[in-house]
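Spelled out, the chains give:
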Amino acid sequence: MPSTLGSLRRLVLTPSFKEVSFAQRGFPVEPTDATRRLEAIPQAVLVGFEWGIDTKTQTELVQRLELVEPEMRGFAYEGATMAVTVLDAMAGGRGHRARDLLSGPAVPHTFLTYIGIGFAMARLPRPLWKKILPDLTGTPYYPTMSWLAVDGYGFDRAYFQTERWVDRQERLAAYPWQGRADYFQRACDQGIGRALWFIHGGQVPGVAAAVGRFAADRQADLWSGVGLAATFAGGSDAAGLAALRRESGEHWTHVAQGSVFAAKARVFSGFEPEHTAVAVAALTDLTVARAAELADDVAVGGTTVEGELDYEAWRRKIRAAVAVPAASVR
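Owing to the predicted nature of the structure, the values given are computational and were not obtained by experimental measurement. (Residues numbered from 1 in each chain as written. Predicted model: local features only at pLDDT ≥ 70, side-chain atom pairs only at ≥ 80, totals over all residues. Heavy atoms only, no water.)

Let's talk about the confidence of the model for the chain
Summary statistics for the chain give a mean pLDDT of 92 and a share of 92% for residues scoring 70 or more. When the criterion is pLDDT under 50, residues 1-8 qualifies, and its contacts beyond four places in sequence or with other chains add up to 8 contacts. Across residues 326-330, where pLDDT falls below 50, the model places 9 contacts with residues more than four positions away in sequence or in other chains. (pLDDT = per-residue confidence, 0-100. Contact = heavy atoms within 4.5 Å.)

This is how it looks when you write it as structure tokens:
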């Protein structure tokens with residue numbers, strides 16, 4: 001049973017199912033089976049958050065999360081991570097719920113749980129961010145992929161404050177995440193790009209037009225986020241995805257890079273929905289297995305650029321690889 005304190009926290013922090021719906025958010029989305037499936041994703045996150053706030057033990061939380069269907073399970077873990085991160089922050093940074101979850105049962109969903117930390121960031125004052133990332137030494141992709149937390153923060157702001165961050169294209173204030181304030185806004189834009197896929201219900205004309213309204217120097221990162229969302233979340237068929245690749249124009253390798261990240265995340269989670277295979281083929285000319293292998297192939301070694309983040313180097317090498325079919329970029 002949920003605790004009284006847990007229930008109060010949930011009431012204060014959690015939006016309702018209605019509040020995360022496309023209609024309530026005012027998104028220009030026509031209800032279809034595909035858009036309803038997309039809309040179920042923030043609902044799954046919300047369920048995970050409620051469980052994370054209410055349950056007293058990690059064992060009970062994981063038991064609940066594992067009941068969620070495989071395609072949506074990672075999103076529920078994402079919401080649960082948001083919850084335990086908030087709880088740790090409310091404990092003055094002395095809590096260890098996030099560390100225990102992310103270094104244990106949630107490891108298969110590593111890519112999404114980092115995004116969940118970003119959702120928590122959107123609900124906490126910036127002074128608390130210093131201790132928001134738990135020490136996950138020994139877990140895969142730490143700390144490189146922690147930039148997905150910033151991506152998650154950008155997604156949240158675009159989804160819930162669309163007029164400001166999407167319609168007016170304001171830039172989120174920089175923050176020295178991992179000591180690199182200079183990259184913070186770029187990572188936020190990658191999350192905003194993911195949000196655009198949801199805001200427009202996976203409809204390519206609307207997504208492309210939205211990206212085109214942003215400043216030219218932001219569009220590559222936005223397209224990367226679009227490619228990730230289209231591949232991981234679904235929402236379009238092969239024809240639509242082919243159109244997405246065409247519409248991205250000179251930025252198509254950024255779309256492909258996002259798609260490769262999504263393929264890696266799905267393979268790492270142990271569940272690969274059919275829509276992911278369709279998207280990877282359309283956006284990268286690869287299979288899901290090969291895309292995931294590519295992500296690992298270029299993650300280590302190779303050329304470096306002075307001052308370049310490991311995370312951005314990884315993204316750059318993926319773009320270079322997909323631009324030259326069958327090339328091995330080391």
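Let's talk about helix 15 (residues 252-269)
Under the 1.5 Å per step criterion, the end-to-end length of helix 15 is 26 Å for 18 residues, consistent within 8% with the ideal 26 Å. Most of helix 15 is tucked away, with 14 of its 18 residues classed as buried. Downstream of helix 15 by one or two residues, Gly270 has phi in the positive range, about 90°. (Helix = DSSP H or I, 4+ residues; strand = E, 2+ residues; numbered from the N terminus. Expected span 1.5 Å × (residues − 1). Buried < 20%, exposed > 50% of the residue type's maximum accessible area, 1.4 Å probe, protein only.)

Quick look at the packing of aromatic side chains
This model, assessed by the stated rule, comprises 20 aromatic pairs. Judged by centre distance (5.5 Å) and plane angle (90°), the rings of Phe75 and Phe232 are edge-to-face. Taken together, the residues span a long stretch of sequence, with Phe75 in helix 6 (residues 70-90) and Phe232 in helix 13 (residues 216-232) at a distance of 157 residues. Just as Phe75 is buried, Phe232 falls in that class too. (Phe/Tyr/Trp six-rings, centres within 6.5 Å; stacked < 30°, edge-to-face > 60°.)

Side note on helix 6
Between the first and last C-alpha of helix 6 there are 31 Å, a value that for 21 residues agrees with the 30 Å anticipated at 1.5 Å per step. For helix 6, the tally of buried residues reaches 19 of 21 residues, placing the bulk of the element in the interior.

Description of unusual backbone geometry
A cis amide bond, omega 0°, links Tyr142 with the succeeding residue Pro143. Position of Pro143 among the secondary structure elements: in the loop between helix 8 (110-121) and helix 9 (147-160). Notably, Gln169 is not glycine yet its phi reads approximately 55°, a positive angle. With respect to the element layout, Gln169 can be found in the loop between helix 10 (162-167) and helix 11 (181-199).

What to know about the nonpolar core
Counting 107 residues, the largest nonpolar core has Leu101, Met121, Met145, Trp177, Phe184, Phe198 and Leu244 as its most contacted members. Here the element with the most residues in this core is helix 6; it accounts for 11 residues. If we skip the residues at most four places from it in the chain, Trp177 touches Met121, Ile132, Leu133, Ser146, Trp147, Ala149, Val150 and Phe184. (Core = buried A, V, L, I, M, F, W, Y, C linked by side-chain atoms within 4.5 Å.)

Some remarks on the packing of helix 13 against helix 15
Relative to each other, helix 13 and helix 15 sit at 40°, their axes nearing to 7 Å. Of the possible angle classes, the one that applies to helix 13 and helix 15 is oblique. For the element pair helix 13 and helix 15, the recorded crossing hand is right-handed. In this structure, helix 13 contributes Ala220, Trp223, Ser224, Gly227, Leu228, Thr231 and Phe232 to the contact, and helix 15 contributes His254, Val255, Gln257, Gly258, Ser259, Phe261, Ala262, Ala263, Ala265 and Arg266. Across the contact of helix 13 with helix 15, the residue classes tally to 9 nonpolar, 7 polar and 1 charged. (Axes fitted to C-alpha atoms, helices over the stretch in contact; angles between N-to-C directions. Parallel < 35°, antiparallel > 145°, perpendicular 65-115°, else oblique. Left-handed = near helix turned anticlockwise from the far one by under 90°. Nonpolar A, V, L, I, M, F, W, Y, C, P; charged D, E, K, R; others polar.)

Some details on the pattern of salt bridges
Under the criterion given, the structure shown has 25 salt bridges. In this structure, Asp151 and Arg194 form a salt bridge, with 2.7 Å as the shortest nitrogen-oxygen distance. Pair noted here: Asp151 is in helix 9 and Arg194 is in helix 11, with a separation of 43 residues, a long-range link. With a relative accessible area of 7%, Arg194 lands in the buried category. Between Arg186 and Glu312 there is a salt bridge; the shortest N-O distance is 3.6 Å. Here the residue Arg186 occupies a position in helix 11, and Glu312 occupies one in helix 18 (residues 310-323), the gap between them amounting to 126 residues. For Arg186, a relative accessible area of 32% puts it in the partly exposed group. What you see here is one network of salt bridges that share partners, running through Arg186, Asp221, Glu312, Arg315 and Arg319. (Salt bridge = Lys/Arg side-chain N within 4 Å of Asp/Glu carboxyl O.)

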